[in-house]
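# A closer look at the structure
Residues per chain are reported as follows:
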Amino acid sequence: MIEVLGSARRSFIFPASLPLAYAYYGDVGRVLNYLPHICLVRAYGPDRFRLSYNTTELGAYHIHILADVQTILAEGRRIRIHPLAGIPPVQSEAGLNSATAQGYFESESIFYEAGDQTRIEYSLKLQAELPSPLGLRFLPGIVIDSIAQSITRMRIREIAEGFIERSVSAFPHWLAEFEDRDLP
């Protein structure tokens, strides 16, 4: 098995007041689409989703991790995304150049006033145990684990930084739609 475990923590300034920033990021079904390498594949309800992490590594190995999550908009201006219980996991499988497994995704965003802007403390974590693709079984486990951890650190960094960049860039479009809804 290949252990995938990575986490990141970032702080950034969002160009809106705290109530508006919280409303924007509280539209979780929309905002999840700003995660690089991760896409929303199913909504079980307004606050429960199945996410899919897909990437091709070393130019040949396709990695697919599914994670079921639930969103909690908590008091204290926090948005938590954590594993959802009660959904049957996908069956782990390995092909010649691929691996699929059930994983766990968590994130938390904490919002703080920063004048007319908002400071957001954002963290995320991705974890899974993947079966080794058949094409990698000739390599020693310690080599595979080292490569996997290096790739995981890089991908988690890309996800965190890409999410911040994409979500901030998409805000003016959302704001225009939001303001249009308020007109009579």
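Please refer to the structure placed before this passage.
Moving on to the overall build of the chain. A tally of regular secondary structure across the chain gives 3 helices and 8 strands. Counting from the amino terminus, helix and strand elements in the chain follow one another as β-α-α-β-β-β-β-β-β-β-α. Out of the 184 residues belonging to the chain, those deemed buried represent 44%. The contacts of the chain with a sequence gap of at least 6 include a subset with a gap of at least 24, amounting to 65%. Summed over its atoms, the accessible surface of the chain is roughly 9600 Å², and 53% of this surface lies on carbon and sulfur atoms. Charged side chains in the chain number 17 positive and 21 negative. The centres of these two groups are separated by 4 Å.

Every α-helical turn comprises 3.6 residues, leaving residues that sit three or four positions apart pointing alike. Buried residues of helix H1 (residues 18-26): Leu18, Ala21, Tyr22, Tyr24 and Tyr25, and no others. Buried residues along H1 cover an arc of 160° about the axis, so they all sit on one side.

Another point: the side chain of Arg50. Take Arg50: it is sitting in strand S3 (residues 48-57). There is a polar contact of 3.4 Å between the side chain of Arg50 and the backbone oxygen of Pro88. Discounting chain neighbours no more than four positions away, the residues touching Arg50 are Cys39, Leu40, Val41, Arg42, Tyr44, Leu66, Ala67, Asp68, Ile87, Pro88, Val90 and Gln102.

So, on to the environment of Ser109. Assignment of secondary structure puts Ser109 in strand S7 (residues 98-114). Ser109 sits in the buried class, given a relative accessible area of 8%. Residues Ser109 and Ala160, 51 residues apart in the sequence, show an inter-C-alpha distance of 12 Å. In contact with Ser109, not counting residues within four places along its chain, are Arg77, Arg78, Ile79, Ile120, Glu121 and Tyr122.

Further remarks concern the pattern of salt bridges. In this structure the tally under the stated criterion is 7 salt bridges. Here Arg10 makes a salt bridge to Glu161, at a shortest N to O gap of 3.1 Å. Residue Arg10 is located in strand S1 (residues 2-14), and its partner Glu161 is located in helix H3 (residues 141-181); the two are separated by 151 residues in the primary sequence. Arg10 sits in the partly exposed class, given a relative accessible area of 23%. Between Arg78 and Glu108 there is a salt bridge, and its shortest N-O distance comes to 3.1 Å. One end of the pair, Arg78, is in strand S5 (residues 78-83); the other, Glu108, is in strand S7, and 30 residues separate them in sequence. What makes Arg78 partly exposed here is its relative accessible area of 33%. Through salt bridges with shared partners, a single ionic network connects Glu57, Arg155 and Glu158.

This part is about the nonpolar core. Formed by 49 residues in total, the largest nonpolar core has its most connected members in Phe14, Tyr24, Tyr25, Leu35, Phe105, Phe111 and Leu130. It is H3 that contributes the most residues to this core, 11 residues altogether. Residues in contact with Phe14, not counting those within four places in the same chain, are Ala21, Tyr24, Tyr25, Gln117, Thr118, Ile120, Ser167, Val168 and Phe171.

The subject of this paragraph is the packing of aromatic side chains. Any aromatic ring pair is given by two values, namely how distant the centres are and how the planes are angled relative to each other. One pass over the full model with this rule turns up 12 aromatic pairs. Ring centres of Phe14 and Tyr24 lie 5.5 Å apart, and the angle between their planes is 20°; on these two criteria the pair is classed as stacked. Of this pair, Phe14 sits in strand S1 while Tyr24 sits in helix H1; the two residues are 10 residues apart in sequence, bridging distant segments of the chain. Judged by relative accessible area, which is 0%, Phe14 ranks as buried. Members of the aromatic cluster, joined through ring pairs, are Phe12, Phe14, Tyr22, Tyr24, Tyr25, Phe111, Tyr122, Phe163, Phe171 and Trp174. The ring of Tyr22 has Arg77 sitting right over it, with the charged end atom 5.1 Å from the ring centre. Looking at Arg119, its charged tip hangs above the ring of Tyr112, at a distance of 4.3 Å from the centre.

Cut-off values and rules
- Residues numbered from 1 in each chain as written.
- Predicted model: local features only at pLDDT ≥ 70, side-chain atom pairs only at ≥ 80, totals over all residues.
- Heavy atoms only, no water.
- Helix = DSSP H or I, 4+ residues; strand = E, 2+ residues; numbered from the N terminus.
- Buried < 20%, exposed > 50% of the residue type's maximum accessible area, 1.4 Å probe, protein only.
- Contact = heavy atoms within 4.5 Å.
- Areas by Shrake-Rupley, 256 points an atom, 1.4 Å probe, with all protein chains shown as cover.
- Lys, Arg positive; Asp, Glu negative; His and termini not counted.
- Charge placed at Lys NZ, Arg CZ, Asp CG, Glu CD.
- Arc of directions from axis to C-beta.
- Polar contact = N/O pair within 3.5 Å; in protein donor to acceptor, adjacent residues only side chain to side chain.
- Salt bridge = Lys/Arg side-chain N within 4 Å of Asp/Glu carboxyl O.
- Core = buried A, V, L, I, M, F, W, Y, C linked by side-chain atoms within 4.5 Å.
- Phe/Tyr/Trp six-rings, centres within 6.5 Å; stacked < 30°, edge-to-face > 60°.
- Lys NZ or Arg CZ within 6 Å of the ring centre and 35° of its normal.

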